[in-house]
Amino acid sequence: IPPEEAREVAFSVAERVRQQLQLTVPAGDRDLAIGATIGIALYPQDADSVAGVLRAADQVMYVGKRRGRNRVVTTDELKQQQ
């Protein structure tokens, strides 16, 4: 798969997972909203090792959390910050 297409496929899968994780859970006298922020990094485009890919995905996940949570973000957003 070409690199740009791989990123699109990964984003699409992650977005479907994120949507399925959006839940409301009753907790006593209120409801808790459950969601997920997912960071996407690809090998070898974003890092040259397993540890590097995990580190890049973790970094971009925190970028997403700072931007409002409950979203899918890719390493493209890390590049935009620099």
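Each remark here, short or long, concerns the structure printed above.
Residues numbered from 1 in each chain as written. Predicted model: local features only at pLDDT ≥ 70, side-chain atom pairs only at ≥ 80, totals over all residues. Heavy atoms only, no water.

**Q** Which parts of the structure should I look at to understand a nonpolar patch on the surface?
**A** On the surface, Ile1, Val9, Val13, Val17 and Leu21 cluster together into a nonpolar patch covering about 430 Å² of accessible area. Positionally, Val13 belongs in helix α1 (residues 3–21). For Val13, a relative accessible area of 39% gives the class partly exposed. (Patch = residues over 30% accessible without salt bridge, like charges linked within 9 Å, V, L, I, M, F, W, Y side chains within 5 Å. Areas by Shrake-Rupley, 256 points an atom, 1.4 Å probe, with all protein chains shown as cover. Salt bridge = Lys/Arg side-chain N within 4 Å of Asp/Glu carboxyl O. Helix = DSSP H or I, 4+ residues; strand = E, 2+ residues; numbered from the N terminus. Buried < 20%, exposed > 50% of the residue type's maximum accessible area, 1.4 Å probe, protein only.)

**Q** I would appreciate a short explanation of the side chain of Arg18 in the present structure.
**A** Positionally, Arg18 belongs in helix α1. A distance of 2.5 Å separates polar atoms of two side chains, one belonging to Arg18 and the other to Glu15. (Polar contact = N/O pair within 3.5 Å; in protein donor to acceptor, adjacent residues only side chain to side chain.)

**Q** Whenever I open this one, the pairing of strand β2 (residues 30–34) confuses me. Can you help?
**A** Residues in a regular strand point their side chains to alternate faces of the sheet. By the criterion of burial, β2 is predominantly exposed, with just zero of the five residues buried. Of the pairings in the sheet, the one linking strand β1 (residues 23–27) to β2 comprises five bridges and is antiparallel in character. The partner of Leu23 across the bridge, within β2, is Ile34. (Pairing = 2+ DSSP bridges.)

**Q** Any chance you could explain the environment of Leu23 here in plain terms?
**A** Inspection of the secondary structure puts Leu23 in strand β1. For Leu23, a relative accessible area of 44% gives the class partly exposed.

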